[in-house]
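These are the residues of each chain, in order.
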Amino acid sequence: QVQLVESGGGLVQPGGSLRLSCAASGSIFSINVMGWYRQALGKERELVATITSGGRTNYLDSVKGRFTISRDNAKNTVDLQMNSLKPEDTAVYYCNARRAIQVYGRAYEYDYWGQGTQVTVSS
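In what follows, the accompanying structure is described. (Residues numbered from 1 in each chain as written. Predicted model: local features only at pLDDT ≥ 70, side-chain atom pairs only at ≥ 80, totals over all residues. Heavy atoms only, no water.)

Focus: the sheet that holds strand S1 (residues 2-7)
Picture the strands of a sheet paired through backbone hydrogen bonds; they go either parallel or antiparallel.
Right, on to step 1. With antiparallel pairing, the four strands of this open sheet are ordered in space as S1-S3-S8-S7. Edge positions in the sheet fall to S1 and strand S7 (67-72), since each of these pairs with one other strand and no more. Strand-to-strand twist in this sheet, taken as the mean axis angle between neighbours without regard to direction, amounts to 15°.
Right, on to step 2. In the sheet, S7 pairs with strand S8 (residues 77-82) via six bridges, with the strands oriented antiparallel. Across the sheet, Asp72 pairs through a bridge with Thr77, a residue of S8. (Pairing = 2+ DSSP bridges. Helix = DSSP H or I, 4+ residues; strand = E, 2+ residues; numbered from the N terminus. Axes fitted to C-alpha atoms, helices over the stretch in contact; angles between N-to-C directions.)

Given below as structure tokens:
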């Protein structure tokens, strides 16, 4: 019941910047963690960055200092600012949201995914 829509992907030269945005809608209660994943051609999907509802962030080592994740809880959006882009950043980027709830004394987690947006870094 959660829908995620990404935008902002495209083609950029090495050293350039892009800003990805993800808007959540639907039954968005108890969405505790949101993040960005990416999958390059022929490689496994990997976590790029996450942010909790309280603002705690984590990053893939290779993007630290270049990427910044942010979240607007009022607007239900999460952004990824990507600077100093490299060819190895080329991938499809996916927005992710995790719902964590407790029902009848048990914890449950649910993951929701966007459709993905292509980022290509090339000369």
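Past the structure itself, the notes keep going.
Thoughts on the pattern of salt bridges
Pairs can form between side chains of opposite charge whenever their charged atoms are close.
Right, on to step 1. Applying the stated rule across the entire model yields seven salt bridges.
Right, on to step 2. For Asp79, the salt bridge goes to Arg19, with nearest N and O atoms at 3.1 Å. Of the two residues, Asp79 sits in strand S8 while Arg19 sits in strand S3 (residues 18-26), which places them 60 residues apart along the sequence.
Right, on to step 3. Using a relative accessible area of 15% as the deciding quantity, one classes Asp79 as buried.
Right, on to step 4. Residues Glu46 and Arg38 are paired through a salt bridge, measuring 2.9 Å at the closest nitrogen-oxygen approach.
Right, on to step 5. In this structure Glu46 comes out as partly exposed when scored by relative accessible area, which is 31%.
Right, on to step 6. The network of salt bridges with shared partners includes Arg38, Glu46, Arg66 and Asp89. (Salt bridge = Lys/Arg side-chain N within 4 Å of Asp/Glu carboxyl O. Buried < 20%, exposed > 50% of the residue type's maximum accessible area, 1.4 Å probe, protein only.)

Some details on the packing of aromatic side chains
Right, on to step 1. Here the structure, examined in full by the defined rule, presents one aromatic pair.
Right, on to step 2. With a centroid separation of 4.9 Å and 65° between ring planes, the pair formed by Tyr37 and Trp113 is classed as edge-to-face. In this pair, Tyr37 sits in strand S4 (residues 31-39) while Trp113 sits in strand S10 (residues 106-113), placing the two residues 76 residues apart along the sequence.
Right, on to step 3. Residue class for Trp113 comes out partly exposed when judged on its relative accessible area of 37%.
Right, on to step 4. It is Arg45 that lies over the ring of Trp113; its NZ or CZ is 5.0 Å from the centre.
Right, on to step 5. Across the ring face of Phe29, the terminal group of Arg99 is positioned such that the distance to the ring centre comes to 4.4 Å. (Phe/Tyr/Trp six-rings, centres within 6.5 Å; stacked < 30°, edge-to-face > 60°. Lys NZ or Arg CZ within 6 Å of the ring centre and 35° of its normal.)

Some details on the state of the cysteines
Right, on to step 1. Throughout the structure, instances matching the rule amount to one disulfide.
Right, on to step 2. Between Cys22 and Cys95 runs a disulfide, and the two sulfur atoms are separated by 2.1 Å. In this structure the cystine formed by Cys22 and Cys95 twists about its S-S bond by roughly -85°; its chirality is therefore left-handed. One end of the pair, Cys22, is in strand S3; the other, Cys95, is in strand S9 (residues 91-103), with 73 residues separating them in the sequence.
Right, on to step 3. When its relative accessible area of 1% is taken as the criterion, Cys22 is described as buried. (Disulfide = S-S within 2.5 Å.)

Overview of the pairing of S8
Right, on to step 1. Of all six residues in S8, five are buried; the element is thus mostly enclosed.
Right, on to step 2. Taken together, S7 and the strand that follows it, S8, pair antiparallel across an intervening segment of four residues, in which Asn76 is found at a positive phi of about 60°.

Regarding the side chain of Asp79
Right, on to step 1. Within polar-contact distance, the side chain of Asp79 engages the side chain of Ser21 at 3.1 Å.
Right, on to step 2. Residues contacting Asp79, with those up to four places away along its chain left out, are Arg19, Leu20, Ser21, Cys22, Trp36, Thr68, Ile69 and Ser70. (Polar contact = N/O pair within 3.5 Å; in protein donor to acceptor, adjacent residues only side chain to side chain. Contact = heavy atoms within 4.5 Å.)

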